[in-house]
Amino acid sequence: MSVVLDWSNLATDRLDGRGVPPADVDGPLADRFRQALRTVLGWRDDGRLGFLDLPDGVDIAHEVTARVSEWVAGVDDVLVLGIGGSALGAVVLRDALGGVRWNDSVALRRGRPRLHVADNPDPDSVRSLLADLDPARTAVNVVSKSGSTAETMALHLVVRAWMEEGLAGGGHAAVAEAVARRLLITTDPERGSLRPMAEREGIATLPIPPDVGGRFSVLSAVGLVPAAVVGADLPALLAGAAQMRDACLVDDLRRNPAGLFATLLHALHTDQGRPIHVMMPYADRLRPLAFWFQQLWAESLGKDGRGPTPLPALGAVDQHAQVQLFMEGPHDKVVVFLTAPFAGEVTVAAGSDAPEALRYLDGRGLGELLDAERRATTEALRRGGRPSATLELSAVDERTLGSVLMLLEVATVLAGALYGVDPLDQPGVEQGKLYTYGLMGREGFDPPDFPPADPARRAGA
Ligand code: PA5
């Protein structure tokens, strides 16, 4: 098994009476889960859960591999432009499969390009990023399901102008051709403004299937392109996801890791007042996964006055920041640890003149230390009556990544059914997008009418 959910420390017998009575997993919680699974299977029959079919897309994996190897030939940098579900998965796959120092390390890249993800339209970041890149040796992947998101569209226009300026020299047609050759657009097959533009200008495109929403798109071309840039084995990524999908659609709660994840976290929230769900990897390479999960869980479940609050953390860094709160703050959290073996070990050598107090570290590994910290934190939480679960990855590789991403996606739609919300829409986000269009003067969109700041309610020094 490449990913295992260990929920031992969510159960009452481990938490001095707090937590979930383990027998409920065969009783009322199993009933709740089966009802939720029926709802999810209904959504699938209605054609709303295209993400479940993505692992079967071996053809698209081959197409992406071929397309990417042609598109990145001779480039030093790949720049992904997208936001939310169109950006976070790229960082997950780069850091997990390429390594957190991918962009800094020639040894890690072995001749492959650096991979940058620009999501926020912060002029300071964008200016300094572009100043470091050579437009003649940069390939740009514009990713937008809707083909209309203001942040991504604005970044796209900025980057195009930068390319046009940097590639100027030949005639207009030659520049346009050079820009088009460096662009790759990942978008809906029909909707939005990117696709007609790509067709008009001869820019290569890859599809995001219409029935796959942004935050569920990591296993489509959205994530496959960046994964291919770092040299990942795409069929293995999809195979891991396929295996997990099948395991997560069985109606036996005890054997269904996504079912347990969703049902137990939902029960701990709604029955026991623990609405905060912490995702805490103990590995730098998995850190972006906590942010990807945060977006998936928050945007899918936070609606109609309901939903949990996901909170990313990192072990051991947050042992010196948030763990005090997890340990002794309000009983309102469940911590999910994420563990995986390290690719290698670094051994501590305390020389003979090292202080006596540090000798215990001699000959021990940094990975061993990090793992001991995780186990110690888990146990301290348990003794304090604080529930935690662990997602154990057998390795950080394509198969395991595909598995864990799919597990969390299926858990999200199951949680949507349990909370009684539609996990596939995002009306709150859409409203903000419409107001932004109005404020930026887009035709057909009115700026919102909002009250000015009250001078009597402002203070500063
Ligand atoms: O999950 C979602 O649907 C959102 O986070 C989108 O990914 C985000 O708003 C970007 O949208 P788009 O890909 O249409 O530009």
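Each remark here, short or long, concerns the structure printed above.
Residues numbered from 1 in each chain as written. Predicted model: local features only at pLDDT ≥ 70, side-chain atom pairs only at ≥ 80, totals over all residues. Heavy atoms only, no water.

Undergrad: How should I be thinking about the environment of glutamine 324 in this particular structure?
TA: Among the structural elements, glutamine 324 can be located in helix 13 (residues 323–328). Exposure remark for glutamine 324: the relative accessible area of 51% places this residue in the exposed category. Between the alpha carbons of glutamine 324 and asparagine 120 there is a distance of 31 Å; along the sequence they are 204 residues apart. (Helix = DSSP H or I, 4+ residues; strand = E, 2+ residues; numbered from the N terminus. Buried < 20%, exposed > 50% of the residue type's maximum accessible area, 1.4 Å probe, protein only.)

Undergrad: What should I look at first to understand the pairing of strand 6 (residues 204–207) in this one?
TA: Each regular strand displays side chains that alternate between the two surfaces of the sheet. One ladder, built from 4 bridges, connects strand 5 (residues 183–187) with strand 6; its direction is parallel. Bridging across to strand 6, isoleucine 185 finds its partner in threonine 205. Between the parallel pair strand 5 and strand 6, the chain is carried across by helix 8 (residues 194–201), and the sense of this crossover is right-handed. (Pairing = 2+ DSSP bridges. Right-handed = clockwise from strand over helix to strand, strands pointing away.)

Undergrad: What is the right way to read the site of the ligand from this model?
TA: Not every one of the 14 residues close to the ligand is listed here, only the nearest: Ser86, Ser144, Ser146, Thr149 and Gln295. Between the ligand and serine 144 there is a distance of 2.6 Å, counted from an oxygen atom to a side-chain nitrogen or oxygen. According to the grid-proximity analysis, the pocket containing the ligand is the largest pocket. Residue composition of the shell around the ligand, by class: 1 nonpolar, 9 polar and 4 charged. (Near = heavy atom within 4 Å. Polar contact = N/O pair within 3.5 Å; in protein donor to acceptor, adjacent residues only side chain to side chain. 1 Å grid on protein atoms, 1.4 Å probe; cavity = no way out; pocket = protein on both sides within 12 Å on 5 of 7 lines; lining within 4 Å. Sits in = over half its atoms within 2 Å of the grid points. Nonpolar A, V, L, I, M, F, W, Y, C, P; charged D, E, K, R; others polar.)

Undergrad: What is the right way to read the environment of glutamate 328 from this model?
TA: Turning to its location among the elements, glutamate 328 is positioned in helix 13. In this structure glutamate 328 comes out as exposed when scored by relative accessible area, which is 61%. Sequence separation of glutamate 328 and arginine 386 is 58 residues, and the distance between their C-alpha atoms is 9.0 Å.

Undergrad: Is there a simple way to think about the nonpolar core in this case?
TA: Proteins that are soluble and globular tend to have nonpolar side chains buried together. Formed by 100 residues in total, the largest nonpolar core has its most connected members in Phe261, Leu391 and Leu408. Considering every element that reaches this core, the biggest residue donor is helix 15 (residues 398–419), with 14 residues. Residue-level mapping places this core at the junction of two domains, with at least three residues from each of domain 1 (3–44 + 237–419) and domain 2 (51–232). Other than its neighbours up to four places away in sequence, leucine 391 contacts Val3, Val4, Leu5, Phe261, Met279, Val336, Phe337, Leu338, Thr339, Val404, Leu407 and Leu408. Counting 24 residues, the second-largest nonpolar core is a separate cluster that includes Leu130, Ala178, Ala180 and Leu183. (Core = buried A, V, L, I, M, F, W, Y, C linked by side-chain atoms within 4.5 Å. Domains from an automatic or database assignment. Contact = heavy atoms within 4.5 Å.)

Undergrad: Hey, could you run me through a nonpolar patch on the surface in this one?
TA: Taken together, Val346, Leu366 and Leu369 make up a surface patch of nonpolar side chains, about 250 Å² in accessible area. Mapped onto the elements of the fold, leucine 366 is located in helix 14 (residues 366–383). (Patch = residues over 30% accessible without salt bridge, like charges linked within 9 Å, V, L, I, M, F, W, Y side chains within 5 Å. Areas by Shrake-Rupley, 256 points an atom, 1.4 Å probe, with all protein chains shown as cover. Salt bridge = Lys/Arg side-chain N within 4 Å of Asp/Glu carboxyl O.)

Undergrad: Before we go on, may I ask you to explain the sheet that holds strand 1 (residues 3–6) in this structure?
TA: For sheets, the rule is that strands pair by backbone hydrogen bonds, running either parallel or antiparallel. As summarised here, the arrangement of the 5 strands in space is 1-10-9-7-8, forming an open sheet in which the pairing is mixed. Single-partner strands in this sheet number two, and they are strand 1 and strand 8 (309–312). Strand-to-strand twist of the sheet, defined as the mean angle between neighbouring strand axes without regard to direction, takes the value 20°. Relative to strand 10 (residues 388–393), strand 1 runs antiparallel, the two being bridged by 4 bridges. When the bridges of strand 10 are listed, aspartate 6 appears paired with threonine 390. The sheet strands contacting helix 11 (residues 257–270) are strand 1, strand 7 (276–281), strand 9 (333–339) and strand 10, and the helix crosses strand 9 at an angle near 155°. (Axes fitted to C-alpha atoms, helices over the stretch in contact; angles between N-to-C directions.)

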